[in-house]
Amino acid sequence: MAASVCRVGSSVGRALAKTRSPILLSLRRGQASVSYAQSLVGAPETQLTALDNGFRVASEDTGHATCTVGVWISAGSRYESEKNNGVGFFLEHMAFKGTKKHPQTALEQQVESMGAHLSAYTSREHTAYYMKTLSKDLPKAVELLSDVVQNCSLNEADIEQQRNVVVRELEEVEGNLQEVCLDLLHATAYQGTPLGQSVLGPSSTARNLTRQDLVDYINSHYKAPRMVLAAAGGVNHEELVGLAKSHFGGVSFEYEADAVPVLSPCRFTGSEIRMRDDGLSLAHIAIAVEGAGVSSPDVVPLMVANAVIGSYDLTYGGGKHLSSRLARLAVEENLCHSFQAFHSAYSDTSLLGIHFVSDKHHIDDMMHWTQNAWMNLCTTVTESDVARAQNTLKASLIGQLNGTTPICDDIGRHILNYGRRIPLAEWNARIDAVTPRMVRDICTKYIYDKCPAVAAVGEFCALVILYDHSRYCGTLSNLPCPRLRQVLLSSSLTTTECAVRLSWLCNLDPVLSLQKLLTMRSVSVCFCLALLLPWCVQSQMSRPSLAQLDEDTQRDILAVDILNRNGVLNSLLRSEHHLVLRQARAPRPASRVPKRAQQGSRFALSLDVPTSILSVLIDLAKNQDMRTKAAANAELMARIGKRK
């Protein structure tokens, strides 16, 4: 008898499902007249039942003529040791070699006679065996899945045959550089822990695995409380529960000598690994920091943050009009062929990172702007950025559930991760609750001043610096950043103005020769700007002349103008930018002008700024002035010589 039944979904959704509401029917037919809100309300419910032995059954009835049913197991490469790494993947291959009741030929005939598709996959924490078939063949599908999971034959001859197949597959995977790069990233990020192991395992393990290794793995991990029978499509939940009792009711829930496998905490290590191959024309680079576990409340803000960064590929249209700032830079500066922000979440940890493909000449620039995008998430993310990311994330969640197979997979993983199926309406509410301040705070928690893990595969210069800590957070880590940010955020400026001020503090990316000054990543320069910003920015943000320029140019011009007000860096802007500044600069009331400025002093600082900071800036400006004058004199002498 079932121990418990849990129905997931809203009461409105249940009513729609029972009455076969036009909203739900039109959603199933894919009619465009259904709004997003209506689709959330009309989504079918997910029903969850637990058997006496702890085996769980979950289903979602969508009314289709087909269905997908499968067994999801909490087992993967993270549950393996260094000795048997890859045994789960090897066992997945053995599942299709027949069972004690159905030899390989008979199993294949049974599946083909139903017009079904039998498949399986193994990840770091989950293993799944599933079948897509007609709804009327659900009982036969559950019977075959039960036989495959519990009664795999594991003949020695089949093991030897699959050994060669697995070795060849490992060789093929080595040609997928993205997979190799991400495996290396896990290996260096979680070095010395089971999560650093690859799903496929090394070829040496595949050559040396024995039948007893496979049997021991099944006996240790294929237990009823760690298994879920999930189904989606035209399925009746009560019928599915009855089938589960018949075929999975006898699955053991006890461990030998009470030796229950417990996941050891995985230790994240900021580190770098390279696999150089000059025979490749491009390099695959992945950089990541440690994120939140899959059940943490911080996951949704991190998902929104990743959506802010977005993705890019050379095949994309839009060019410089792409919504992602990093994508626009990739187009304008030809930084990379593609990039993708990713979030690989596990039960107690995750990798939050970016993977990109670039040639060896642009790796350093792309790495700089990648880290710059992370700093933007910690400091300058705006309302429009978050709104765009929220819409992108919602569309992605809806799009991933297109069909019975992805829905069934979503159900199985959710039951193992959360103990329940999280409905789309709840995901939607969580995403809508994310604010820019929340994104900044969460990203600061996981990204700010954290050492990332970096993996690189392909052709790159031996001297290229994949990760520079001073460039990544040197301008931030030595400042009283929380206090400065608090002062800036508590001011009376608008959100946009506050974002610009923060970008000057933490994200100085000039378009002209000012970049030469700021590439020093000097803490002193940033601190000087932080002190000068409060009384300089108010009178500049609303000038119509500046409004005619793009946002990046406005920020750079105003940043330089702050220094120019104190007699510094006058020669670092082109003449047309000087003209904009002169037109935009309004005279300040005499009451607001410091006394020393009224007396003709070159510097007018009302705050206590160390003179050493100013001396560096002054020396730089003087040197630039001297070079400018020398160039002008040389041009004058050349003209005089031509006249003679």
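Quantities reported herein were computed from a predicted structural model and do not represent experimental measurements.

Now for the overall build of the protein chain. If you tally the helices and strands in the protein chain, you get 28 helices and 13 strands. Buried positions account for 52% of the 644 residues belonging to the protein chain. Restricting the contact set of the protein chain to residue pairs at least 6 apart, pairs at least 24 apart contribute 79%. Of the roughly 29,700 Å² of accessible surface on the protein chain, a fraction of 52% belongs to carbon and sulfur atoms.

Quick look at the pattern of salt bridges now. By the definition in use, this model includes 18 salt bridges. Notably, a salt bridge pairs Glu-143 with Lys-101, separated by 3.2 Å at the nearest N-O pair. Taken as a pair, Glu-143 in helix H6 (residues 138-150) and Lys-101 in the loop between helix H4 (87-94) and helix H5 (104-113) lie far apart in primary sequence, 42 residues in all. The exposure class of Lys-101 is exposed, given its relative accessible area of 56%. Between Asp-409 and Arg-413 there is a salt bridge whose closest N-O contact spans 2.9 Å. Of the two residues, Asp-409 and Arg-413 are both situated in helix H16 (residues 404-418); the distance of four residues between them amounts to about one turn of the helix. Among the residues examined, Asp-409 registers a relative accessible area of 17% and is labelled buried. Here the salt bridges share partners, and the residues they tie into one network are Glu-60, Asp-409, Asp-410, Arg-413 and Arg-421.

Let us look at the packing of aromatic side chains. The geometry of two aromatic rings is summed up by the distance between their centres and the angle between their planes. Throughout the structure, instances matching the rule amount to seven aromatic pairs. Summarising the aromatic geometry, the rings of Phe-55 and Phe-248 are spaced 4.7 Å apart at their centres and angled 10 degrees between planes, so their arrangement reads as stacked. You can see Phe-55 sitting in the loop between strand S2 (46-50) and strand S3 (56-61) and its partner Phe-248 sitting in helix H11 (residues 237-248), a full 193 residues away along the chain. With a relative accessible area of 0%, Phe-248 lands in the buried category. An aromatic cluster is built from Trp-72, Tyr-121 and Tyr-130, whose rings are joined through pairwise contacts. Across the ring face of Tyr-79, the terminal group of Arg-226 is positioned such that the distance to the ring centre comes to 4.8 Å. For the cation-ring pair, Arg-430 lies above Trp-427, with the distance from its terminal atom to the ring centre recorded as 5.4 Å.

Read from one edge to the other, the open sheet built from six strands follows the order S8-S13-S9-S12-S11-S10, with strand pairing classed as mixed. Two strands bound the open sheet, and with one partner strand each, they are strand S8 (272-276) and strand S10 (311-313). Averaged over all pairs of adjacent strands, the angle between strand axes in this sheet comes to 15 degrees, irrespective of strand direction. Here S10 runs beside strand S11 (residues 338-345); their pairing, made up of three bridges, is antiparallel.

Let us look at the environment of Leu-118. Mapped onto the elements, Leu-118 comes out in strand S5 (residues 117-122). Of the residues examined, Leu-118 reaches a relative accessible area of 17% and is grouped as buried. Placed 22 residues apart in sequence, Leu-118 and Phe-96 show a C-alpha to C-alpha distance of 8.6 Å. With residues up to four places along the chain from it excluded, the contact list for Leu-118 reads Phe-96, Val-111, Tyr-130, Met-131 and Leu-145.

Before going further, it helps to spend a moment on the pairing of S5. The pairing of S5 with strand S6 (residues 127-134) spans six bridges and is antiparallel. Along S6, the bridge assignment pairs Ala-120 with Tyr-129. Taking the residues that link successive antiparallel strands as the turn, the S5-S6 hairpin has four residues.

The next subject is the side chain of Thr-382. Within the element layout of this structure, Thr-382 appears in the loop between helix H14 (363-379) and helix H15 (383-399). Assessed through its relative accessible area of 18%, Thr-382 is described here as buried. In this structure the side chain of Thr-382 is engaged in a polar contact, spanning 3.1 Å, whose partner is the side chain of Ser-384.

Glancing now at the pairing of S11. Taken residue by residue, a regular strand's side chains alternate between the two faces of the sheet. As paired strands, S11 and strand S12 (residues 350-358) are joined by eight bridges and run antiparallel to one another. Looking at the pairing, Ala-341 lines up with Ile-354 of S12. Counted along the chain from S11 to the antiparallel partner S12, the turn is four residues long.

Taken together, Leu-636, Met-637 and Ile-640 make up a surface patch of nonpolar side chains, about 280 Å² in accessible area. Tracing the sequence through the fold places Met-637 in helix H28 (residues 611-643).

Right, let's talk about unusual backbone geometry for a bit. Even without being glycine, Leu-154 reaches a positive phi, approximately 55 degrees. Mapping Leu-154 onto the fold places it in the loop between H6 and helix H7 (156-173).

Compared with an ideal rise of 1.5 Å per residue, which puts 13 residues at 18 Å, H6 spans 18 Å between its outermost C-alpha atoms and is within 8% of the ideal. Every buried residue of H6 is accounted for by Leu-138, Ala-141, Val-142, Leu-144, Leu-145, Ser-146, Asp-147, Val-148 and Val-149.

In a regular helix each residue adds 1.5 Å, so 17 residues correspond to 24 Å; H15 covers 24 Å between its end C-alpha atoms and thus fits that length. Regarding H15, the residues found buried are Val-386, Arg-388, Ala-389, Gln-390, Leu-393, Lys-394 and Leu-397. If you follow the buried residues of H15, they end up packed against helix H3 (36-41), helix H12 (299-309), helix H17 (424-432) and helix H18 (436-446).

With respect to the element layout, Asp-365 can be found in helix H14. Along the primary structure Asp-365 and Asn-334 are separated by 31 residues, whereas in three dimensions their C-alpha atoms are 9.8 Å apart.

Attention now goes to the packing of H12 against H18. Interhelical geometry of H12 versus H18 gives an angle of 95 degrees and a closest axis separation of 9 Å. Put simply, H12 runs roughly perpendicular to H18. The residues of H18 that touch H12, namely those facing Pro-301, Leu-302, Val-304 and Ala-305, are Met-438, Val-439, Ile-442, Cys-443 and Tyr-446. In terms of residue class, the contact of H12 with H18 is made up of nine nonpolar, no polar and no charged.

How each quantity is defined
- Residues numbered from 1 in each chain as written.
- Predicted model: local features only at pLDDT ≥ 70, side-chain atom pairs only at ≥ 80, totals over all residues.
- Heavy atoms only, no water.
- Helix = DSSP H or I, 4+ residues; strand = E, 2+ residues; numbered from the N terminus.
- Buried < 20%, exposed > 50% of the residue type's maximum accessible area, 1.4 Å probe, protein only.
- Contact = heavy atoms within 4.5 Å.
- Areas by Shrake-Rupley, 256 points an atom, 1.4 Å probe, with all protein chains shown as cover.
- Salt bridge = Lys/Arg side-chain N within 4 Å of Asp/Glu carboxyl O.
- Phe/Tyr/Trp six-rings, centres within 6.5 Å; stacked < 30°, edge-to-face > 60°.
- Lys NZ or Arg CZ within 6 Å of the ring centre and 35° of its normal.
- Pairing = 2+ DSSP bridges.
- Axes fitted to C-alpha atoms, helices over the stretch in contact; angles between N-to-C directions.
- Polar contact = N/O pair within 3.5 Å; in protein donor to acceptor, adjacent residues only side chain to side chain.
- Patch = residues over 30% accessible without salt bridge, like charges linked within 9 Å, V, L, I, M, F, W, Y side chains within 5 Å.
- Expected span 1.5 Å × (residues − 1).
- Parallel < 35°, antiparallel > 145°, perpendicular 65-115°, else oblique.
- Nonpolar A, V, L, I, M, F, W, Y, C, P; charged D, E, K, R; others polar.

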